[in-house]
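Chains, contacts and geometry: an overview
Listed here are the chains, written in short residue letters.
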Amino acid sequence: KAQRWAKEHPQEAADIVTKEFKLPKDVLINVIRKSHVSINLDSATVKANQATLAYLQETRVVRNQPNLNEFYAPQYLKELKLQ
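This part covers helix H2 (residues 10-21). Compared with the 16 Å implied by 1.5 Å per residue over 12 residues, the 16 Å span of H2 between its first and last C-alpha is a close match. Considered for burial, the residues of H2 that qualify are Pro 10, Ala 13 and Ala 14. For H2, the angular spread of the buried residues around the axis is 100 degrees, confining them to a single face. In H2, the exposed positions angled more than 90 degrees off the buried face are occupied by Ile 16 and Lys 19. Next to the buried residues of H2 lie helix H1 (2-8) and helix H3 (25-34). Once H2 ends, the next one or two residues include Lys 22, with phi positive near 60 degrees.

What follows covers the nonpolar core. Listed in full, the 12 residues of the largest apolar core are Ala 6, Ala 13, Ala 14, Leu 23, Leu 28, Ile 29, Ile 32, Leu 41, Leu 53, Val 62, Leu 68 and Tyr 72. When residues of this core are traced back to their parent elements, those giving at least two are H2 and H3. Looking at this core, the element that brings in the most residues is H3, giving three residues. In this view, Ala 14 contacts Lys 25, Leu 28, Ile 29 and Ile 32; residues no more than four positions away in its chain are not counted.

Parameters and conventions
- Residues numbered from 1 in each chain as written.
- Predicted model: local features only at pLDDT ≥ 70, side-chain atom pairs only at ≥ 80, totals over all residues.
- Heavy atoms only, no water.
- Helix = DSSP H or I, 4+ residues; strand = E, 2+ residues; numbered from the N terminus.
- Expected span 1.5 Å × (residues − 1).
- Buried < 20%, exposed > 50% of the residue type's maximum accessible area, 1.4 Å probe, protein only.
- Arc of directions from axis to C-beta.
- Contact = heavy atoms within 4.5 Å.
- Core = buried A, V, L, I, M, F, W, Y, C linked by side-chain atoms within 4.5 Å.

Next up, the structure:
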């Protein structure tokens, strides 16, 4: 539901994410429009997210060092038996 809403309201979604992650709004709008979200949280997904973060840091889009593990909450997927 959230992904569908974000695609239908990219400006509003970017406003929310910009406040939380301190990323440029124009970058986020492009990411939201092009993104496809999977509910899988496996090691391949974690590695892909780490690679994306590394690229964003190298290109200085992200200047801080967020701990991606703080953003994963697999217990909810396990509760729903989706993980």
